[in-house]
Amino acid sequence: MKQVLVRTVTSMMKFIDIGANLTDPMYQGVYNGSSKHEPDLSHVLQRSWAGGLDKIIVTVGTLSDCEPTFEILKNDERLFATVGCHPTRCGEFVPDPEAYFASLCGQIEAHRDKVVAIGECGLDYERLHFCEKDVQRKYFEKQLELAARYELPLFLHCRSAHEDFAEILERNLDKLPKRGVVHTFDGTLEAAQALIANGFYIGLNGCSLKTEENLSVAAQIPDDRIMVETDSPWCEIRPSHAGSKHIKSKYPTVKKKEKWEPGSLIAGRCEPVMISQVLEVLAGIKGKPTVELADQYYRNTLQMFFPKEAAGWCERLKR
C-alpha cells in the first residue's frame, strides 16, 4: 500500500538521484556498529523505482567503496556510480600515491559502462581532523587527471573551502571539457554564480535547503543549472528545516528496531525515493509546477551524465 501511494504522488515525473550512498551500513540494518534490522537495500530500491526514480548514481568516496558498489550495480541497469576519493579520505593516497591512483584507474576501466563521473572529490575544511588542507588540495587536483583521462564529468564536494576549491578548478578548466556538478551545495549565491559561469551545475538536496538563507540562494539558481539528489542515507528534510513547509509528499516511517518490517521506511534514514520532497521544496520557493521542474532537472542530468540518452529524450518531448 505504501509503495502504491508513493507511485501515485510522482506518477507523472521521472527522477535521477545523482548522489546516493547505497553502500552505507544503514542499508544493511547496521547503525553505529550495531545491527538493528535485516538488510533492506532491495526494499529501498523497490521503493525508489516505484516512486519515479529512473536512475540512481551511487557515490564512491574511497577505493574500498568500489567493490561493494559494483556488486550492487551488477544486477541492475538503472544503477551507476562515481569513482574517486572524498577529501576527508585523501590521506589514503599518501603511502603510495601512484599505486592508489592506478587502482582508481583500474576500477574505472573495469567498469567503464557503469562509471559516469569522477568523485566524490573536492575540499572539506570543516573536517580537517580527518585530512589536512595540503593533502586535500594535492589529491583533489590529482583526481582531475582522471576526469581528463576518461573524459568524465566531476562529482564535487566543497565545505567551507570555496576560494581554494574554485582556484583549483579554474586552473584546470582547459583539462575538464565535461565540467560536472557541485553536490550538496549550501554556499552563497555568489559562489554558485561563479561555479555556473565556469560551466558547473549545482546539486541540491535536503542539506541545501535547511535555512531561509539556503532557500533564498536556491530560489535564484537558474533551473537549467540545477540537479537534484538525496545524499541518502543522509540529508533528509527534517521538520525543523526551513524547506519543510513546502513538502507535500509524506513517507510514514518506523523506528529502526522496534517496529521494522520488510517495506518499512526508517525514521532518520533518507532514501532515494525522498527526492520528490527536494523537488517540492524547489517548486515552492520558485513558484513553479513540480512537473516542469522535474522535466528540466531530469534533462540537465541526462545531458551531463547520460548524453547518449539525452538527445533521444529531448526529441521525444518535441513530438
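Student: Explain the state of the cysteines to me, and be specific about the residues and the numbers.
Tutor: Summed over the entire model, instances satisfying the criterion amount to 1 disulfide. Each sulfur in the disulfide pair cysteine 207 and cysteine 235 lies 2.2 Å from the other. Because the sign of the S-S torsion sets the handedness, a value of about -100 degrees for the bond joining cysteine 207 and cysteine 235 places this disulfide among the left-handed ones. Linking cysteine 207 in the loop between strand 9 (201–204) and helix 8 (212–220) with cysteine 235 in the loop between strand 10 (226–228) and strand 11 (253–254), this pair joins segments that are 28 residues apart in sequence. Of the two residues, cysteine 207 and cysteine 235, both sit in the buried class. Between cysteine 90, a cysteine without a disulfide, and cysteine 85, which holds the nearest cysteine sulfur, the sulfur-to-sulfur distance is 4.3 Å. Judged by its relative accessible area of 0%, cysteine 90 is buried. Here cysteine 270 is not disulfide-linked; the sulfur of cysteine 235 is the nearest cysteine sulfur, at 7.4 Å. Residue classification places cysteine 270 among the buried residues on the basis of a relative accessible area of 3%.

Student: How would you summarise the confidence of the model for the chain if you had to cite specific residues and measurements?
Tutor: In low-pLDDT segments, the atomic positions of the prediction should not be examined closely. Chain-level pLDDT for the chain is 94 on average; 94% of the residues reach the 70-or-more range. Within the model, pLDDT remains below 50 along residues 1–9, and this stretch shows 16 contacts once partners closer than five positions in the same chain are excluded.

Student: Explain the packing of aromatic side chains to me, and be specific about the residues and the numbers.
Tutor: Evaluation of the coordinates by the stated rule reveals 4 aromatic pairs. An aromatic cluster of at least three residues, connected via ring pairs, comprises Phe93, Tyr100 and Tyr139. Of note, lysine 114 hangs over the ring of phenylalanine 80, and the distance from its end group to the ring centre comes to 4.9 Å. Positioned above the aromatic ring of tyrosine 125, the side-chain terminus of lysine 133 is 4.7 Å from the ring centre.

Student: I'd like to hear about the side chain of asparagine 172, residue by residue, with values.
Tutor: Looking at where asparagine 172 falls in the secondary structure, it is placed in the loop between helix 6 (162–171) and strand 8 (180–182). Taking relative accessible area as the criterion, asparagine 172 reaches 2% and is therefore assigned buried. There is a polar contact of 2.9 Å between the side chain of asparagine 172 and the side chain of glutamate 141. Not counting chain neighbours up to four residues away, the residues in contact with asparagine 172 comprise Glu141 and Leu144.

Student: Would you mind going over the packing of helix 9 (residues 275–286) against helix 10 (residues 290–305) in detail, with residue names and values included?
Tutor: Packing of helix 9 against helix 10 brings their axes to within 9 Å, and their N-to-C directions diverge by 115 degrees. For the element pair helix 9 and helix 10, the recorded crossing hand is right-handed. Of the residues in helix 10, those in contact with Leu279, Glu280, Leu282, Ala283 and Lys286 of helix 9 are Thr290, Leu293, Ala294 and Tyr297.

Student: How would you explain the layout of surface pockets if you had to name every residue and give the values?
Tutor: Left-over empty space is what a probe sized like a water molecule reveals as it rolls over the atoms. In this structure, the largest pocket occupies an estimated 710 Å³ of space. Lining the largest pocket are 24 residues, with Asn21, His86, Glu120, Arg127 and Trp234 positioned closest to its centre. Tallied by class, residues from the lining of the largest pocket come to 5 nonpolar, 10 polar and 9 charged. A volume near 300 Å³ is recorded for the second largest pocket.

Student: Could you give an account of the pattern of salt bridges, naming the residues involved and the relevant values?
Tutor: This structure, assessed with the given rule, holds 20 salt bridges. When the shortest N-O distance is used, the salt bridge between glutamate 309 and lysine 55 registers 2.8 Å. Pair noted here: glutamate 309 is in helix 11 (residues 307–318) and lysine 55 is in strand 4 (residues 53–58), with a separation of 254 residues, a long-range link. Residue classification places lysine 55 among the buried residues on the basis of a relative accessible area of 6%. We note a salt bridge from lysine 286 to aspartate 223, for which the minimum N-O separation is 3.0 Å. Of this pair, lysine 286 sits in helix 9 while aspartate 223 sits in the loop between helix 8 and strand 10, and the two are 63 residues apart along the sequence. Residue classification places lysine 286 among the buried positions, given a relative accessible area of 15%. Residues joined in a network through salt bridges with shared partners are Asp40, Arg47, Arg269 and Glu271.

Cut-off values and rules
- Residues numbered from 1 in each chain as written.
- Predicted model: local features only at pLDDT ≥ 70, side-chain atom pairs only at ≥ 80, totals over all residues.
- Heavy atoms only, no water.
- Disulfide = S-S within 2.5 Å.
- Helix = DSSP H or I, 4+ residues; strand = E, 2+ residues; numbered from the N terminus.
- Buried < 20%, exposed > 50% of the residue type's maximum accessible area, 1.4 Å probe, protein only.
- pLDDT = per-residue confidence, 0-100.
- Contact = heavy atoms within 4.5 Å.
- Phe/Tyr/Trp six-rings, centres within 6.5 Å; stacked < 30°, edge-to-face > 60°.
- Lys NZ or Arg CZ within 6 Å of the ring centre and 35° of its normal.
- Polar contact = N/O pair within 3.5 Å; in protein donor to acceptor, adjacent residues only side chain to side chain.
- Axes fitted to C-alpha atoms, helices over the stretch in contact; angles between N-to-C directions.
- Left-handed = near helix turned anticlockwise from the far one by under 90°.
- 1 Å grid on protein atoms, 1.4 Å probe; cavity = no way out; pocket = protein on both sides within 12 Å on 5 of 7 lines; lining within 4 Å.
- Points joined across faces, edges and corners; volume = space filled by probe spheres on them.
- Nonpolar A, V, L, I, M, F, W, Y, C, P; charged D, E, K, R; others polar.
- Salt bridge = Lys/Arg side-chain N within 4 Å of Asp/Glu carboxyl O.

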